[in-house]
Amino acid sequence: MRIKSIYIQNFRCFKELRETRLAPMTTIIGKNDVGKSTLLLALDTFFSNKVLQPNDVFKNTTNVPVIIRVTFDDLSTGLVAKVPQYLTATKEIVIEKRFLAGAKPEEFYFKEDYADPEFKEVENKDMKELNDLVAKLQTQVVKTGKMPTNEDRRKAVLTVLENRHESKGFFPVTPSAEAKSQIEAEIPVFYLYPADSSLSTGQASFQNYFAPVIKLILDEEKEALKNIEGKIKAKLDDNVKALTAIVKQHNDSVKDLRVSSKYQWEGGIRHELEIVDVLDHPQLFQQRGFGLRRTIMLAVFRLLQNLVIDTQGAAAAKSFKQILCIEEPEIYLHPGAQRQLYHSFYSLSTGGIQIVITTHSTVFVDRTVAGNVLLLQRNNNAETEPHTITNNDEFESLKQELGVRSSDVFFANCILLVEGETEETAFPYFFKVLYGKSFDEFGIKLINLRGKTKSIDFLKAIKEMNVARVLVVDKDAETDGTRSAAHKPSNLKKEGLICADCCFVLEEGEFEDALPSALLSRALQQAYPNYQEI
């Protein structure tokens, strides 16, 4: 089971965040203060059932409920067989929690059903009700035995309703205690790793970092009630040795790691990590600097990768049901360490561990499948909206062909699209002469489409990302016989792939003919400073 999507209403900066898809590994990006961390906090609130404070509610509106709705998919076949009546048509579970400031949350399960009350809950109708529906729909019941069963009648009714596309909606249902227990047993364990800069000393304890590893150990030993402390200590010692080896690869000031544990089965197990430096000076984990603490986090995820994926394989690792949310994992890490950390995240996501990160790092963005990058942006009403690439395969193919990175598109304020080598080379110089600043300073990314047929494909691929787009084409763009009607500027505007004010057709013969000679001379002098006469 994993999270398929989340919907948020009235939580902190979100008046409403429409249903947003989450992949096995999702990379969330966006400008500062757009709501990236708030999305992770919403997930944490959902799983932990926190009691919210007034400042957790949008605009501190105390009498309005915060709504967090999570849809789960990838359910086990056993769960699907046990609770079919609480699943959507696509075998998903929808759970909504409503929070009022200062009160415990209310929980609602939703199922997809027919909007017409007469057709609701067909699976619970008795023989008389089913016969009435069969007669009303004027259909025939196909018998699977000597006499028609209620299941035969239901199948006949549902077949008619599906064939005529009867309207459906989502309606709250109350699962039985047994069904709820079966569902909750499959819901993954959730862990949130906030950015170190937001942590107090207590929050930054090793306990929080190492929790997923401890969960794996406890799951393995849940049947062994006798001598459990000794078994866990032995396994923990082995894992700390592995952790030490990984940390020492990244930090040569560390000599050893020591873990002390307190076993209180009612309240959990408490672990403290002591770091011994090369001068044999021991110091608690939370007392060390941010850089070393982040190195420990990197080591923990590499250890998890070894325990879950490398040792057991991705297929066997499907049984490890965890959701790990990490805020800005790149903080204090060298780019090489970031690449290793991404590899661990990706490997874990191929098993049963779902990964959600927020980041400003091109290392993570460029390695994440483009369709799994979630861009949060504010609209004209200052409300946050999610944007993703939907035609991922086409975008990935175009990236390779055009030599473009995902971060070029996702982190740009504006994308300038041209169709030739001359424009690609000259535009940056002309811009610097006119405005005294580079494209990079304005967040402008220039992309050479390398041919007239690429424009519509690339514009379609990036349309969903809501990034400003400017297209510059030659004067024959509308009349060129080799350019299909779909690729002509007039059609690009009509399809909404480019706005009318952002498509420029050069009226002169060549690109350089459209420029004033004085501007051309100044740009050439910048491009070729060693030449005295131009």
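Residues numbered from 1 in each chain as written. Predicted model: local features only at pLDDT ≥ 70, side-chain atom pairs only at ≥ 80, totals over all residues. Heavy atoms only, no water.

Colleague: What's the story with the overall build of the protein chain in this structure? I'm lost.
Modeller: When helices and strands are counted, the protein chain shows 18 helices and 19 strands. Taking all 534 residues of the protein chain together, the buried fraction comes to 47%. Summed over its atoms, the accessible surface of the protein chain is roughly 26800 Å², and 49% of this surface lies on carbon and sulfur atoms. (Helix = DSSP H or I, 4+ residues; strand = E, 2+ residues; numbered from the N terminus. Buried < 20%, exposed > 50% of the residue type's maximum accessible area, 1.4 Å probe, protein only. Areas by Shrake-Rupley, 256 points an atom, 1.4 Å probe, with all protein chains shown as cover.)

Colleague: I'm lost on the pattern of salt bridges in this one. Help?
Modeller: Where charged atoms from two side chains of opposite charge come close, those side chains can pair. This model, assessed by the stated rule, comprises 24 salt bridges. Put simply, Lys 168 and Glu 162 hold a salt bridge, and the shortest N to O gap is 3.0 Å. For Lys 168, a relative accessible area of 35% corresponds to the partly exposed category. Owing to a relative accessible area of 42%, Glu 162 belongs among the partly exposed residues under this scheme. Arg 258 is the partner of Glu 274 in a salt bridge, and the nearest nitrogen-oxygen pair spans 3.6 Å. (Salt bridge = Lys/Arg side-chain N within 4 Å of Asp/Glu carboxyl O.)

Colleague: When you look at the packing of helix α12 (residues 392-402) against helix α16 (residues 455-462) in this model, what are you seeing that I'm missing?
Modeller: The angle between the axes and the distance between the axes are what describe a pair of packed helices. The contact between α12 and α16 brings their axes to 9 Å, and the two run at 125°. As judged from the angle between their axes, α12 and α16 are oblique. As for the relative orientation of α12 and α16, their crossing is left-handed in sense. Side by side, α12 and α16 meet where Glu 394, Phe 395, Leu 398 and Leu 402 of the first sit next to Asp 457, Phe 458, Ala 461 and Ile 462 of the second. (Axes fitted to C-alpha atoms, helices over the stretch in contact; angles between N-to-C directions. Parallel < 35°, antiparallel > 145°, perpendicular 65-115°, else oblique. Left-handed = near helix turned anticlockwise from the far one by under 90°. Contact = heavy atoms within 4.5 Å.)

Colleague: Help me understand a nonpolar patch on the surface in this model?
Modeller: The grouping of Leu 434, Tyr 435 and Phe 442 at the surface amounts to a nonpolar patch, some 340 Å² of accessible area in total. Topologically, Phe 442 is positioned in helix α15 (residues 439-442). On the basis of relative accessible area, Phe 442 is assigned to the partly exposed category, the value being 39%. (Patch = residues over 30% accessible without salt bridge, like charges linked within 9 Å, V, L, I, M, F, W, Y side chains within 5 Å.)

Colleague: How should the confidence of the model for the protein chain be read in this particular structure?
Modeller: Caution applies to low-pLDDT parts of the model: their predicted coordinates are not meant to be read in detail. Of all residues in the protein chain, 86% have pLDDT values of 70 or greater, and the mean over the chain is 84. Within the protein chain, strand β3 (residues 25-30) carries the highest mean pLDDT (97), whereas helix α18 (residues 517-527) carries the lowest (66). (pLDDT = per-residue confidence, 0-100.)

Colleague: Please explain the pairing of strand β5 (residues 93-99) as it appears in this structure.
Modeller: Every other side chain in a regular strand lies on the same face of the sheet, so the side chains alternate between the two faces. Counting buried positions along β5 yields six of seven residues, so the element is predominantly enclosed. In this sheet, β5 lies alongside strand β4 (residues 66-73) in antiparallel orientation, the contact comprising seven bridges. Looking at the pairing, Val 70 lines up with Ile 95 of β5. As paired strands, β5 and strand β6 (residues 106-114) are joined by five bridges and run antiparallel to one another. (Pairing = 2+ DSSP bridges.)

Colleague: Would you mind showing me how to read helix α8 (residues 290-310) here?
Modeller: One full turn of an α-helix is made of 3.6 residues, so residues set three or four places apart face in the same direction. With 21 residues, α8 extends 28 Å from end C-alpha to end C-alpha; this agrees with the ideal 30 Å at 1.5 Å per step. Burial analysis of α8 places 15 of its 21 residues in the buried class, which makes it a mostly covered element. (Expected span 1.5 Å × (residues − 1).)

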